[in-house]
Amino acid sequence: MHDNLYFYIKRRALMINYTSQNQLSLEGFTHPFGQHLSSDNKWVKLAKVIPWDELAAIYSKKLQSGSGRMTVDIRLVIAALIVKHKLRLDDRGTVEMIQENIYIQYFCGFKSFTTKKAFDPSLFVDIRKRLGGEEFDGFNKVVIKRAEQLKPHQSRIKRKDTDKDKEDNGEGLSSNPNRGTLKADATVADQEIKFPTDLNLLSISRENLERMIDILYDANQDKKKPRDYRRKARKEYLNLTKKRRKGKKLLRRGLKAQLQFVARDLRILKTLMEKPDREQRLDERNNKLLDTITKVYEQQKWMYDNKKNSVPDRIVNIFQPWVRPMVRGKDKNKTEFGSKIDVSEVNGFCRVDRFSWDAFNEGGDVELLVKHYRDFYGCYPKVFLGDGIYLNRKARMFLKEKGIEIYGKPLGRPPKEPRETASQRYRKRKKAAQRNHIEGKFGQGKRRYGLNNVKARLQDTSESWVNAIFFVMNLTKLLQIAEKHPGFFVPFLIFLKLWAETIRKIFSKRFLQDKPALLINLV
């Protein structure tokens, strides 16, 4: 279906628009400038190695083909998502970049240069809602499969089964020997939210409650507006936050005051909503926000009464109530606020195996990571590399049963006399140090692509944002492999192109030299 996707869309899905990758060429791209586009540009190179048809087949499953208006070109949608995260632009900046850059327009599948906007920036919200973790995992599988095809046969992990290996092992898969190295680690993708404090969270809740009171209050029906003391509450909050040193007694006094103001506002809102035709004035967003603020008040009141600093499912942002504090114990940030992801890395390509808004122990995911590896590559990994939390007793027994090697500190008390030589211990340390590659991937994602500053505001779009970053990182690795392993015919074609260009220049010079003599003879 992937190979005939363009014809499938033309026959079946009349309302889905897609430009096939076989219909585009660099020489056929028209523009008003005098020179041709350079084939050495990074966007031109990346456009050649991306399997657009396979990616479009995955994306088209989320579209309705028989109803609605014509969709935006699928090639343009996927390319715009890549441009956005590769250049770390916002939604409006991405549309402007496509509008201004001629190479990016070729990358997006345009047949000619245009100064019109590709689409409205608000379309990115629908794209992020449409593409979830399952779709991006399908994208990553297509990219990894493409990279495996570019490598020599000896360097591939996923190989075709020979007649000797086609015996079934009871699980429906061929009995291939273990190959490859699986690296695993977990990290937190921080949301772009203000650092939460109890005092600040109560103040923001109080301000939104006052805004809802203004919506529900009717000057014609209500004789007098309820007194909420908003000026006094704001003044007390500012006087406390401006102090450089806030003692425990001072903070506790300020929290008590803000809790009382929030409780008063909640009582006023409850009274106003009991009146006829008042509850309908609050839209769905405000009703959800009111439920969140009520839960925040209950949590803060419980912590204040019991003199505690933690509570289960603690809300740290009223606009994103699904975000939880993740205690990581890092030197820079001991607590991070965002989603926790469990990532596996193989030969520079990463896949998000688990995405959760709640804290979890990644030590129990070893079997899941190995299963995902086996399902895709058709064999178990030869080596599993992970930190100490992965190598618990249960995981070690599972890996030993599957014949997977591990390099880590053994459990139990160390022996009095070393059983290994110094060179053996050195080789094991070097092998275990290869786990640092996935740490480098996290650094690349956070420093280069903004994995530590997810700007999406919704729960599903945040998951799409995180997965899109790893997808773009995998495309960057795919381009590196394509340049390293161009294949047998690519250097030969480059030689033919240079040879043809040289012949053309030689004949053009001879024609220019003989042109005056030809003109004289004609006269």
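Everything numeric in this text was worked out from a predicted model, so none of it was measured. (Residues numbered from 1 in each chain as written. Predicted model: local features only at pLDDT ≥ 70, side-chain atom pairs only at ≥ 80, totals over all residues. Heavy atoms only, no water.)

(A) Here's a closer look at the overall build of the protein. Looking only at helices and strands, one finds 18 helices and six strands in the protein. Put simply, 70% of the contacts in the protein that link residues at least 6 apart link residues at least 24 apart. Accessible surface for the protein amounts to roughly 31200 Å². Of this, 51% is attributable to carbon and sulfur atoms. (Helix = DSSP H or I, 4+ residues; strand = E, 2+ residues; numbered from the N terminus. Contact = heavy atoms within 4.5 Å. Areas by Shrake-Rupley, 256 points an atom, 1.4 Å probe, with all protein chains shown as cover.)

(B) Seen up close, empty space enclosed by the protein. Throughout the structure, instances matching the rule amount to one cavity of 30 Å³ or more. When its volume is computed, the largest cavity comes out at roughly 100 Å³. Among the elements of the structure, β3 (335-346), β4 (349-356) and α13 (366-377) are those that each provide at least two residues to the lining of the largest cavity. With five residues, the single largest contributor to the lining of the largest cavity is α13. For the lining of the largest cavity, the residue count by class is eight nonpolar, two polar and three charged. (1 Å grid on protein atoms, 1.4 Å probe; cavity = no way out; pocket = protein on both sides within 12 Å on 5 of 7 lines; lining within 4 Å. Points joined across faces, edges and corners; volume = space filled by probe spheres on them. Nonpolar A, V, L, I, M, F, W, Y, C, P; charged D, E, K, R; others polar.)

(C) Local environment of helix α8 (residues 133-150). The end-to-end C-alpha distance of α8 is 26 Å, a good match for the 26 Å that 18 residues give at a rise of 1.5 Å each. Most of α8 sits inside the fold, with 13 of its 18 residues counted as buried. (Expected span 1.5 Å × (residues − 1). Buried < 20%, exposed > 50% of the residue type's maximum accessible area, 1.4 Å probe, protein only.)

(D) A look at the layout of surface pockets. In this structure, the second largest pocket encloses a volume near 790 Å³. Considering the residues around the second largest pocket, the lining is formed by 22 residues, among which G408, K409, P410, E420 and K428 are closest to the centre. Of all the elements in the fold, those that place two or more residues in the lining of the second largest pocket are α14 (393-401) and α15 (422-432). In terms of residue class, the lining of the second largest pocket is built from eleven nonpolar, two polar and nine charged.

(E) How the structure looks around the nonpolar core. The biggest cluster of nonpolar side chains holds 71 residues, and the ones touching the most others in it are L46, I50, Y59, I82, F107 and F384. Residue contributions to this core peak at nine residues, all from helix α4 (residues 74-86). Those residues in contact with Y59, other than ones at most four positions away along the chain, are I74, V77, I78, I127, R130, L131 and F139. With 27 residues, the next largest nonpolar core counts L199, V262, L290 and Y304 among its residues. (Core = buried A, V, L, I, M, F, W, Y, C linked by side-chain atoms within 4.5 Å.)

(F) Just the environment of K84, in detail. Assignment of secondary structure puts K84 in helix α4. Sequence separation of K84 and I469 is 385 residues, and the distance between their C-alpha atoms is 9.7 Å. Aside from chain neighbours lying at most four places away, what touches K84 is L89, D90, D91, T94, F124, R128 and W465.

(G) View of the side chain of S462. Structurally, S462 can be placed in helix α17 (residues 459-484). For S462, a relative accessible area of 0% gives the class buried. There is a polar contact of 3.4 Å between the side chain of S462 and the backbone oxygen of A456. Apart from residues no more than four positions distant in its own chain, S462 is found in contact with Q191, W357, V454, A456 and R457. (Polar contact = N/O pair within 3.5 Å; in protein donor to acceptor, adjacent residues only side chain to side chain.)

(H) Broad picture of a positive patch on the surface. Together, K224, R227, K232, R264 and R267 make up a positively charged patch on the protein surface. Summarising the element assignment, K232 is placed in helix α10 (residues 230-241). (Patch = residues over 30% accessible without salt bridge, like charges linked within 9 Å, V, L, I, M, F, W, Y side chains within 5 Å. Salt bridge = Lys/Arg side-chain N within 4 Å of Asp/Glu carboxyl O. Lys, Arg positive; Asp, Glu negative; His and termini not counted. Charge placed at Lys NZ, Arg CZ, Asp CG, Glu CD.)

(I) Molecular detail of the pairing of β3. Counting buried positions over the twelve residues of β3 gives eleven, a clear majority of the element. Bridge count between strand β1 (residues 181-190) and β3: eight bridges; the pairing is antiparallel. Directly across from D185, in β3, lies its bridge partner V343. Summarising the sheet, strand β2 (residues 324-327) and β3 pair through four bridges and their orientation is antiparallel. Counted as the bridge partner of P325 is F337 from β3. In the sheet, β3 pairs with β4 via seven bridges, with the strands oriented antiparallel. (Pairing = 2+ DSSP bridges.)

(J) Structural detail: the environment of Q149. Tracing the chain through its elements places Q149 in helix α8. Separated by 336 residues in the primary sequence, Q149 and H485 have C-alpha atoms spaced 10.0 Å apart.

(K) Focus on the packing of aromatic side chains. In this structure the tally under the stated criterion is twelve aromatic pairs. Aromatic pair F195 and F337: ring centres 5.5 Å apart, planes at 85°, arrangement edge-to-face. One end of the pair, F195, is in the loop between β1 and α9 (198-216); the other, F337, is in strand β3, with 142 residues separating them in the sequence. For F337, a relative accessible area of 12% puts it in the buried group. Between the aromatic rings of F384 and Y390, the centroid separation amounts to 6.2 Å while the plane-to-plane angle is 70°, which identifies the pairing as edge-to-face. Pairwise contacts between aromatic rings join W43, W52 and F107 into one cluster. The residue whose ring lies beneath R252 is Y304, and the NZ or CZ to ring-centre distance is 4.0 Å. Across from the ring centre of Y380, 4.4 Å away, lies the NZ or CZ of R374, which sits over that ring. (Phe/Tyr/Trp six-rings, centres within 6.5 Å; stacked < 30°, edge-to-face > 60°. Lys NZ or Arg CZ within 6 Å of the ring centre and 35° of its normal.)

Without other data, these values stay purely geometric and don't point to any function.
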